[in-house]
Amino acid sequence: MSEIVPSSVAPAMRGPNDYKSDVKPVWCPGCGDFGVVNALAKAMAKMALEPQDVAVVSGIGCSSRIPAYMASYGFHGVHGRALAAGTGLKIARPDLTVIVTGGDGDGYSIGGNHFVHACRRNVDMTYIVMDNRVYGMTKGQPSPTTEPDWDSKLSPEGTGLREFQPLVIALTSGANFIARGFTGDPNGLADLIERAVRHPGFSFVEVLSPCVTFRPEQKEWKKRVLPDAFKPTADLTRAARRMLRDTGFDLGVLYAGERPPYAPRGPRARRAPSDLEARFAL
Amino acid sequence: MQHAQSPGAGQTARSVSVVLAGSGGAGVMTAGNMLLEAAAHAGYYALMTRSSGPQIRGGEAAAMLRIACEPVECMEDQFHVLAAVDWENVQRFNAEIPLGAGSLILGDPDQGEPPEVFVRSGCTRVALPLKKLAKSVPEGRPNMVLLGTLAALLGLPEDAVARAVEKTLGKRPAALAPSLAAVAAGRAAAADIPVRFPLAPPPARGTPRWLLTGNEAAGYGALKGGVRFVAAYPITPATELLEWMSPALAQVGGTLVQAEDELASINMAIGGSYGGVPSLTATSGPGLSLMVEALGLAVAAEIPIVVVDVMRVGPSTGIPTKSEQGDLNIAVHGLHGDAPHLVLAANSVADCLGTTQWAVQLAESLQTPAIVLSDQFLGQARAVVDRPAAIAAGTGRLTADAGAPGYKRYAVTENGVSPMAIPGTAGLAYTADGLEHAERGTPSSQATDHFAQLDKRRRKLTSWNYGALWADVEGDAAADGAIVTFGSCTAPVREGLARAAADGVAARLISLRLLAPLPAGQLIAALTGVRRVLVIEQNQSAQLYRYLRAECDLPGRVTSLHRPGALQFSPGEIHRHLADWSRA
């Protein structure tokens, strides 16, 4: 087994910029995802996390490029499987702060099954989804959160499908912390991320992150969002009822539950493998 | 063909094969396991495989055993005894239970006649009133009566049988006395049976012996190799490997998590290994198909990972409970792009241990995925084996120390292996990436970076010294013919070759343990002076034969013996083929 070298660097006063890498993002000017880098860096600075003790994990898509833009450890894996990679990392290395990131296509379409089971499993990590209701990297196809009548080359005159409801799915699947933020409000978003990271168990932050290139009409989101519309509750029924009148632009913490995070069960020990040989010996 | 026959009066056999069959709940598996343990306690080597009907629970079942004076890793051509508690649907196992004129069928006359397919062999039939005998003992059960009878026919000592019964029923003392009484009743009834199959005296005890399945051996090998994190999704016939590892990992400070599907299990394992903890998952063909994209990520991002593929009959759902070597192609060629990785194959129940351990060591040293090919036969067979010899410790993962200035995760090094920073190490933060990258790990679409990284990823595999474990090379080194095989074909080939040798057919036997990267140089060297090469494998399309022909220039006349799975090769089948081959 490899030796894990513990951090020996004394905690220092770091500013948000110390949590960003020197890699230049591939994103279009005006992309909402810049706001998530800023908010994430701000939250990390506020919590005074050691960059080497944080791992940012992602799948594929525009927003999934984010690990390389942070100064922490990063993992940029395959499409849709970020939550699985993050789950394995956190269970194998419970000492790390694991933040899984991605977009609506990655998380709700190809990775939808993992989203449901990550909520159920309630591993102590945070999942930030930058939702722009479009596949941006492949240049403008409808995602699960796209409006049914949104016209595109791949689905002319719209998909006709009803939108995926991430917060409802998270709530019914067992996520322990559920919030919605907006990239146009980096301070509010940083605060939500900080609360999500601090909250035990699986924390889900849905971030409205406009795609100015393929969904330029989303520039108007700043006029539609309703800051602090959700009031945090640990009552599942109240949270569920609140979602019945969600506009899709209600911001804040919807739910902060008290379910204990995932932990391995059953008797445990630290014996040498050779102690197990007695099972086979005649 | 070697026909099953009872030895003449006063004679003994060095190998005896028996089947216990019956409908679900009749307890033939319990009795079979006890017979296996009794043989082990008596000092014999033994092997047991099991077959059951398509029902999830219940349904007909057969425990197939071979007990011998020498280590045995495959079944014989025919069974000496077919013993049934009842005959319900037992004819379904016809193809798996070949009998001969010298065989014995034991059945309870109150359960009807043996199926015609078995009787046709011309074997001896003996009625054994199992149910009546069981009723003569309070709480007695027919399967325990049968155990007593079979043990007597084989000449297994009473105390060895009692020890096996006590071990199984130790937690149910109320069942112990009736079971032992039923065994005694069965033993007494054997006195009236005219044919017997007494085993020769057991061999001297040298190396301590173990009793285990290939799946358990693979699980233990993984732990010995350093695996401390497993992500699991159940699939026949790999499930038992994962089930064995779950409590075992907890005992050695590791963790197993059940995933929602194989896409999750492989990515969880990659995540755990990225965190610095040697990680593994196990699956079978359908699961491996789902995992290949992530295996490519592990190649590109240089993250060690081990996947044990317990092969079953494919394609698609195929026959989940039967063995086939049909996954060689996907294991070697399944990844998109140029994705060099490791493929290893275990060639016996015991070798599942060493090969899996070696796979973990290689994956860690070379920072790449390793696929271990096992199969249903090896994985689910339970065998008495000599304690496997230990293999040398691995070199471990090359990690980077905190604060190394100008750290480059994917630095192009001479042997291709670059120090890996483990999260938590200060000053070395990088992003592991499936995107092609520059040495630092930053995404790159430059051809120069692509060439350099492709080259380093291949170089680390091709420049490694794999040592002597690449294959088991046996047989007559002076022979001008050679057989190349892998996996569970090895045992019947070895036994068939031994029989052929008695007819004057000599050949070298090379059982490949390292399949990718193919150690072509070592293989060609092992074939020096050979004029005929025969490649033997269990699949329809001769996957190993085609792979070897593509990768290296095999000497002389090269032919292939291949057929699909469900039924293992028998030693007799190999023997017959070798007779033709040697004349050709």
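These figures come from a predicted structure and were not determined experimentally.

Calculation rules
Think of each chain on its own: its residues are numbered from 1, step by step along the sequence as written. Here the convention is simple: chains get letters from A, ligands get numbers from 1, in the order in which they are written. Under the rules for a predicted model, residues below a pLDDT of 70 receive no local features and side-chain atom pairs below 80 are neither given nor counted, while totals for whole chains, interfaces and linings still include all residues. Every helix listed is a DSSP run of H or I at least four residues long, and every strand listed is a run of E at least two residues long, numbered separately from the N terminus. Our radius of gyration is a C-alpha quantity, and the globule rule it is checked against amounts to 2.2 Å times the number of residues to the power 0.38. Neighbour counting defines burial: a residue surrounded by 20 or more other C-beta atoms within 10 Å of its own C-beta is buried, one with 12 or fewer is exposed, and intermediate counts give partly exposed, using backbone-placed C-beta atoms. What counts as a contact is two residues whose backbone-derived C-beta atoms lie within 7 Å of each other. Each residue carries a pLDDT score, the predictor's own confidence in it, on a scale running from 0 to 100. Residues enter a nonpolar core if they are buried, belong to Ala, Val, Leu, Ile, Met, Phe, Trp, Tyr or Cys, and are joined to the set through C-beta atoms within 7 Å. Strand pairing requires that DSSP identify at least two bridges connecting the strands. Axis definition: a line fitted to C-alpha atoms, limited for helices to the stretch in contact. Angles are taken between N-to-C directions and run from 0 to 180 degrees. Ten residues, namely Ala, Val, Leu, Ile, Met, Phe, Trp, Tyr, Cys and Pro, are considered nonpolar, four, namely Asp, Glu, Lys and Arg, are considered charged, and the remaining ones, Gly among them, are considered polar. Roughly parallel refers to an angle under 35 degrees, roughly antiparallel to one over 145, roughly perpendicular to one between 65 and 115, and oblique to any angle outside these ranges. Take the far helix as your reference; a near helix turned counterclockwise from it by less than a right angle gives a left-handed crossing, and one turned clockwise gives a right-handed crossing. Segmentation of the chain into domains, including their bounds, is taken from an automatic or database domain assignment. In this analysis, the expected span of each helix is defined as 1.5 Å times one less than the number of residues it contains.

Structural notes on the overall build of chain B
Move 1: Within chain B one finds 18 helices and 21 strands.
Move 2: A globule of 584 residues ought to have a C-alpha radius of gyration of about 25 Å, and chain B, at 26 Å, matches this closely.
Move 3: Viewed in the frame of its principal axes, chain B has a C-alpha envelope of about 85 × 60 × 45 Å.
Move 4: Relative to its 584 residues, chain B shows a buried fraction of 58%.
Move 5: Contacts in chain B between residues far apart in sequence, at least 24 positions, make up 75% of those at least 6 positions apart.

Here's the deal with the overall build of chain A
Move 1: Summing up its helical and strand segments, chain A has 8 helices and 7 strands in all.
Move 2: Its C-alpha atoms give chain A a radius of gyration of 20 Å, near enough to 19 Å, the size a compact globule of 282 residues would have.
Move 3: Along the longest, intermediate and shortest principal axes, the C-alpha atoms of chain A span 70 × 40 × 35 Å.
Move 4: The burial tally for chain A puts 49% of its 282 residues in the buried class.
Move 5: Of the contacts made within chain A by residues no fewer than 6 positions apart, 69% connect residues no fewer than 24 positions apart.

Brief notes about the confidence of the model for chain A
Move 1: Within chain A, residue pLDDT values average 95, and 96% of them lie at 70 or more.
Move 2: When the criterion is pLDDT under 50, residues 1-10 of chain A qualifies, and its contacts beyond four places in sequence or with other chains add up to 27 contacts.

As for the nonpolar core
Residues and elements named next belong to chain B.
Move 1: Formed by 270 residues in total, the largest nonpolar core has its most connected members in V19, A46 and V306.
Move 2: Here this core takes 9 residues from helix α4 (residues 142-154), the largest share from any one element.
Move 3: Every residue in contact with V306, bar those within four places of it in the chain, is listed here: A222, V227, L280, A359, V360, A363, A370 and V372.

Some details on the sheet that holds strand β7 (residues 252-256) of chain A
Move 1: The 8 strands lie next to each other as β7(A)-β5(A)-β6(A)-β4(A)-β3(A)-β1(A)-β2(A)-β15(B), forming an open sheet whose pairing is mixed. Both outer strands of the open sheet, β7 of chain A together with β15 (431-433) of chain B, are each paired with one neighbouring strand and no more. Ignoring strand direction, the axes of neighbouring strands in this sheet form an average angle of 15°.
Move 2: Sheet contacts for helix α5 (residues 166-173) of chain A: β4 (125-131), β5 (177-182), β6 (202-208) and β7 of chain A; angle to β5(A), the most-contacted strand, approximately 165°.
Move 3: Where helix α6 (residues 186-198) of chain A meets the sheet, it contacts β3 (97-103), β4, β5, β6 and β7 of chain A, and its direction lies at approximately 165° from that of β5(A).

Focus: the pairing of strand β18 (residues 508-512) of chain B
Each regular strand displays side chains that alternate between the two surfaces of the sheet.
Residues and elements named next belong to chain B.
Move 1: Of all 5 residues in β18, 5 are buried, a share of seventy percent or more.
Move 2: Of the two faces of β18, the one lined by R508, I510 and L512 and the one lined by L509 and S511 are each fully buried.
Move 3: One ladder, built from 5 bridges, connects strand β16 (residues 471-475) with β18; its direction is antiparallel. Its bridge partner being in β18, A471 is matched across the sheet by L512.

Comments concerning the environment of G565(B)
Residues and elements named next belong to chain B.
Move 1: Tracing the sequence through the fold places G565 in the loop between β21 (557-562) and α18 (571-583).
Move 2: G565 gets classed as buried once you count the C-beta atoms within 10 Å, which come to 24.
Move 3: Note: C-alpha distance between G565 and V412 (153 residues apart in sequence) is 44 Å.

Remarks on unusual backbone geometry
All names here are of chain B.
Move 1: In the segment running from G314 into P315, the intervening peptide bond is cis, with an omega of 0°.
Move 2: Of note in this structure, E302 is not a glycine but carries a positive phi near 55°.
Move 3: Summarising the element assignment, E302 is placed in the loop between α10 (285-300) and β11 (305-311).

A closer look at the sheet that holds strand β17 (residues 481-485) of chain B
Strands pair in a sheet through their backbones, by hydrogen bonds, and they do so in one of two ways: parallel or antiparallel.
Residues and elements named next belong to chain B.
Move 1: Read from one edge to the other, the open sheet built from 5 strands follows the order β16-β18-β17-β20-β21, with strand pairing classed as mixed. The open sheet has two free edges, formed respectively by β16 and β21, since each of these has just one partner strand. For this sheet, the mean angle separating the axes of adjacent strands, direction not counted, is 20°.
Move 2: Relative to β18, β17 is paired through 4 bridges, and the arrangement is parallel. Bridge assignment links A482 to a residue of β18, and that residue is R508.

A look at the interface of chain B and chain A
Move 1: Between chain B and chain A, the contact holds 59 residues from the first and 51 residues from the second.
Move 2: Listing elements by their share of the side of chain B that touches chain A, those giving two or more residues are β7 (209-213), α7 (214-225), β8 (229-232), α8 (239-251), β9 (255-258), α9 (262-274), α10 and β15 of chain B.
Move 3: For the side of chain B that touches chain A, the leading source of residues is α9(B), giving 9 residues.
Move 4: Looking at side-chain class alone, the side of chain B that touches chain A contains 33 nonpolar, 17 polar and 9 charged residues.
Move 5: Here 3 bridges tie strand β2 (residues 73-76) of chain A to β15(B), and the two strands are oriented parallel to one another. What sits directly across from G74(A), in β15(B), is T431(B).

Regarding the packing of α5(A) against helix α8 (residues 236-243) of chain A
Residue and element names in this part refer to chain A.
Move 1: Running from N to C, α5 and α8 cross one another at 160°; their axes reach a closest spacing of 11 Å. The pairing of α5 with α8 is recorded here as roughly antiparallel in orientation. In this structure, the crossing between α5 and α8 has a hand that is left-handed. Residues L167, V168 and L171 of α5 pack against A239, A240 and M243 of α8.

Points about the domain arrangement of chain B
Residues and elements named next belong to chain B.
Move 1: For chain B, the assigned domains are domain 1 (15-192), domain 2 (210-386), domain 3 (398-464) and domain 4 (470-583).
Move 2: The C-alpha-based centres of domain 1 and domain 4 are spaced at 35 Å.
Move 3: Of the residues lining the interface, 7 residues belong to domain 1; the matching set on domain 4 comes to 8 residues.
Move 4: Residues that form the side of domain 1 that touches domain 4 fall into these classes: 3 nonpolar, no polar and 4 charged.

Side note on the environment of K139(A)
Move 1: Tracing the backbone shows K139(A) in the loop between β4 and α5.
Move 2: Separated by 75 residues in sequence, K139(A) and F214(A) place their C-alpha atoms 7.1 Å apart.

Let's talk about helix α12 (residues 351-366) of chain B
All names here are of chain B.
Move 1: When the terminal C-alpha atoms of α12 are compared, their 22 Å separation across 16 residues agrees well with the 22 Å that a helix rising 1.5 Å per residue should span.
Move 2: Within α12, 15 of the 16 residues are buried, leaving the element largely enclosed by the surrounding structure.
Move 3: Backbone geometry just after α12 places Q367 at a positive phi near 50°.

A short note on the pairing of β7(B)
Move 1: Among the 5 residues that make up β7(B), 5 are buried, leaving the element largely enclosed by the rest of the structure.
Move 2: Covered by surrounding structure in β7(B) are R209(B), L211(B) and T213(B) together with W210(B) and L212(B), the residues of both alternating faces.

Focus: the confidence of the model for chain B
Move 1: Mean pLDDT over chain B works out to 96, with 99% of the residues at or above the 70 mark.
Move 2: Confidence estimates for the predicted assembly give a pTM of 0.97 and an ipTM of 0.96.

Comments concerning the packing of helix α5 (residues 158-169) of chain B against helix α6 (residues 173-189) of chain B
All names here are of chain B.
Move 1: Packing of α5 against α6 brings their axes to within 10 Å, and their N-to-C directions diverge by 150°. Judged on the interaxial angle alone, α6 and α5 are roughly antiparallel. Crossing hand, α5 versus α6: right-handed. Contacts between α5 and α6 involve V161, A162, V165, E166 and L169 on the former and, on the latter, A175, L176, S179, L180 and V183.
Move 2: Its residues assigned to classes, the contact of α5 with α6 shows 8 nonpolar, 1 polar and 1 charged.

Comments concerning the environment of T49(B)
Residues and elements named next belong to chain B.
Move 1: Structurally, the position occupied by T49 is in strand β2 (residues 45-52).
Move 2: Residue classification places T49 among the buried residues on the basis of 22 C-beta atoms within 10 Å.
Move 3: Considered as a pair, T49 and D327 are 278 residues apart in the sequence and their alpha carbons are 22 Å apart.
Move 4: Apart from residues lying up to four places away in sequence, T49 is in contact with M64, F377, Q380 and A381.

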